[in-house]
Amino acid sequence: MTPPPVPAAARIDLHAHSTASDGTLTPAELVRAAADAGLDVVAITDHDTTAGWASAVAALPPDLTLVRGAELSCRWHGADPPVALHLLAYLFDPDEPELGAELALVRAAREARGERIVALLRADGVELSWPEILAGAAGGTVGRPHIAQALIRAGLVATTTEAFGPDWLGERYRLPKDDIDVFRAVRLVRAAGGVPVFAHPRASRRGRIVPDELIVALAAVGLAGLEADHEDHSPAERAHVRALAAELGLFVTGSSDFHGTHKTVRLGAFTTSPEAYGRIVAGATGVTPVASA
Ligand code: AMP
Ligand code: ZN
Ligand code: FE
Ligand code: FE
């Protein structure tokens, strides 16, 4: 199947979350919002799941192309303690069993970790209910933003940003989960016909970041691109990512990492060039981008 053509001046946003993970718009609402925002291409990239793909496809408005993807929770074991990082995976075959099994393990690990975070909070007298938080995720991949919402509902913090502060989910009640080894993740995404892109690689304001040497090593095993333009990168960090990508022959992307009302960023706040988009489409053999008939 030939991918749908996109305009030369296309507006392309390759990182957005729905209620299939920790966004607040359903996949159907997400694609409508993307069209309303004037995007030509949007990617659905929920954490560790492809569960939103079908309803996003079914609801696709005219003149919008959908890139099916996911954001994989990964870990690099080259530091002590290991560093958590995110890998965007585009246009992979969702039925590839090995990758599918890894994603299921990560989703289960997220539930176990969420429950442990809530147990820690409860031990300190914070009366949150894990069953209620899990129900709030409505079957989507559960994450700290769901716990953040419970903290807001309980009146303990005012905003998601505050909930991610050091006194709460950012440090004091932050627990690791079992993520996919990042080298294994790159290989599995490629084996499933997908194209792997390192999400917000220099976002130091979120936590520890990895050294450039790791990105060099990942490029050698199939990493295809780096997300440069992202709200969690300073201008200097964006420039650094661009320079590193140029050195390694990787493409760069720019994306909103939209989460609905769980974050303030809007769809299309950062965009990707048609050239980089073309490299993703050309490099993928799993599934193609889709446009409404
Ligand atoms: P988790 O995947 O459970 O570790 O939670 C991480 C998610 O929380 C990511 O999707 C981030 O987008 C979101 N997140 C991380 N830091 C913040 C923050 N300071 N404010 C709002 N959302 C955040
Ligand atoms: Zn998220
Ligand atoms: Fe991320
Ligand atoms: Fe994200």
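Preceding block: the structure.
This is a predicted model, so every value here is computed, not measured.

Peer 1: Please set out the coordination of the iron ion (ligand 4) residue by residue, giving values where relevant.
Peer 2: Each protein donor to the iron ion (ligand 4) is listed here as His-15 (NE2), His-17 (NE2), Glu-71 (OE) and Asp-257 (OD); together their distances run 2.1 to 2.2 Å. Note that the iron ion (ligand 4) binds four donor atoms; their angles at the metal cover 77 to 165°, and the shape is irregular. Each donor residue of the iron ion (ligand 4) belongs to the same chain, with the gaps between them written as H-x1-H-x53-E-x185-D. Taken as an interatomic distance, the gap from the iron ion (ligand 4) to the zinc ion (ligand 2) is 4.4 Å. Residue Glu-71 is located in strand β3 (residues 65-76), and its partner Asp-257 is located in the loop between β8 (251-254) and α10 (274-283); the two are separated by 186 residues in the primary sequence. The burial state of Glu-71 is the same as that of Asp-257; both residues are buried.

Peer 1: Could you give an account of helix α5 (residues 144-153), with specific residues and numbers?
Peer 2: Within α5, seven of the ten residues are buried, which leaves it mostly tucked inside the rest of the structure. Residues of α5 that are buried: Arg-144, Pro-145, His-146, Ile-147, Ala-148, Ala-150 and Leu-151. On its buried face, α5 sits against α3 (97-123), α4 (130-136) and α6 (160-163). Taken from the residues just after α5, Gly-155 is the one with a positive phi, measuring 75°.

Peer 1: How would you summarise the site of ligand 1 if you had to cite specific residues and measurements?
Peer 2: Every residue lining ligand 1 is accounted for by Asp-22, His-47, Arg-110, Arg-113, Gly-143, Arg-144, Pro-145, Thr-160, Phe-164, Arg-206, His-259 and Lys-263. At a separation of 2.8 Å, an oxygen atom of ligand 1 approaches a polar side-chain atom of Arg-113. His-259 has a polar side-chain atom sitting 3.0 Å from an oxygen atom of ligand 1. In isolation ligand 1 exposes 500 Å². Once the protein is present, 86% of that is buried. Of all elements in the fold, only α3 and α5 reach the threshold of two or more residues within the shell around ligand 1. The class makeup of the residues in the shell around ligand 1 is two nonpolar, four polar and six charged.

Peer 1: Describe the pattern of salt bridges, naming the residues involved and giving the relevant values.
Peer 2: One pass over the structure, following the stated rule, counts twelve salt bridges. Note that Lys-177 is salt-bridged to Asp-179, the shortest N-O span being 3.3 Å. Its salt-bridge partner being Asp-232, residue Arg-206 comes within 2.6 Å of it at the nearest N-O pair. Pair noted here: Arg-206 is in the loop between β6 (195-198) and α8 (212-220) and Asp-232 is in the loop between β7 (225-229) and α9 (235-248), with a separation of 26 residues, a long-range link. Residue class for Arg-206 comes out partly exposed when judged on its relative accessible area of 32%. Classification of Asp-232 as buried rests on a relative accessible area of 10%. One continuous salt-bridge network, built from bridges that share partners, spans Arg-206, Asp-232, Asp-257 and Lys-263.

Peer 1: Which residues make up the coordination of the zinc ion (ligand 2), and what are the values?
Peer 2: Within the protein, the zinc ion (ligand 2) binds to Asp-22 (OD), Asp-22 (OD), His-47 (NE2) and His-259 (NE2); these donor distances fall in the range 2.0 to 2.6 Å. For the zinc ion (ligand 2), all donor residues lie on one chain, and their spacing in sequence is D-x24-H-x211-H. Between the zinc ion (ligand 2) and the iron ion (ligand 3), the interatomic distance is 5.8 Å. On the criterion of sequence distance, the pair formed by Asp-22 in the loop between β1 (12-13) and α1 (27-36) and His-47 in strand β2 (residues 41-47) is long-range, its members being 25 residues apart. His-47 carries the same exposure label as Asp-22, and that label is buried.

Peer 1: Can you break down the nonpolar core residue by residue, with the values?
Peer 2: Val-42, Leu-72, Tyr-90 and Leu-226 are the most contacted members of the largest nonpolar core, which has 68 residues in total. Not counting the four nearest positions on each side in its chain, Val-42 is found in contact with Asp-13, Ala-16, Val-31, Ala-34, Leu-64, Thr-65, Leu-66, Val-67 and Leu-267.

Peer 1: Lay out α3 with the relevant residues and their values.
Peer 2: A rise of 1.5 Å per residue sets the reference length of α3, with its 27 residues, at 39 Å; its end C-alpha atoms lie 39 Å apart and thus fit the reference within 8%. Buried residues along α3 sit against β2, β3, α4, α5, β5 (180-181) and α7 (182-191). The backbone nitrogen of Glu-98 has a side-chain oxygen 3.2 Å away, supplied by the residue at the start of α3, namely Glu-96. Positive phi appears at Gly-125, one or two residues downstream of α3, with a value of about 90°.

Calculation notes
- Residues numbered from 1 in each chain as written.
- Chains lettered and ligands numbered in written order.
- Predicted model: local features only at pLDDT ≥ 70, side-chain atom pairs only at ≥ 80, totals over all residues.
- Heavy atoms only, no water.
- Donors = N, O, S within 2.8 Å, 3.2 Å for Na, K, Ca; no water.
- Tetrahedral: all angles 85-135°; square planar, octahedral: opposite > 155°, others 65-115°.
- Helix = DSSP H or I, 4+ residues; strand = E, 2+ residues; numbered from the N terminus.
- Buried < 20%, exposed > 50% of the residue type's maximum accessible area, 1.4 Å probe, protein only.
- Contact = heavy atoms within 4.5 Å.
- Near = heavy atom within 4 Å.
- Polar contact = N/O pair within 3.5 Å; in protein donor to acceptor, adjacent residues only side chain to side chain.
- Areas by Shrake-Rupley, 256 points an atom, 1.4 Å probe, with all protein chains shown as cover.
- Nonpolar A, V, L, I, M, F, W, Y, C, P; charged D, E, K, R; others polar.
- Salt bridge = Lys/Arg side-chain N within 4 Å of Asp/Glu carboxyl O.
- Core = buried A, V, L, I, M, F, W, Y, C linked by side-chain atoms within 4.5 Å.
- Expected span 1.5 Å × (residues − 1).

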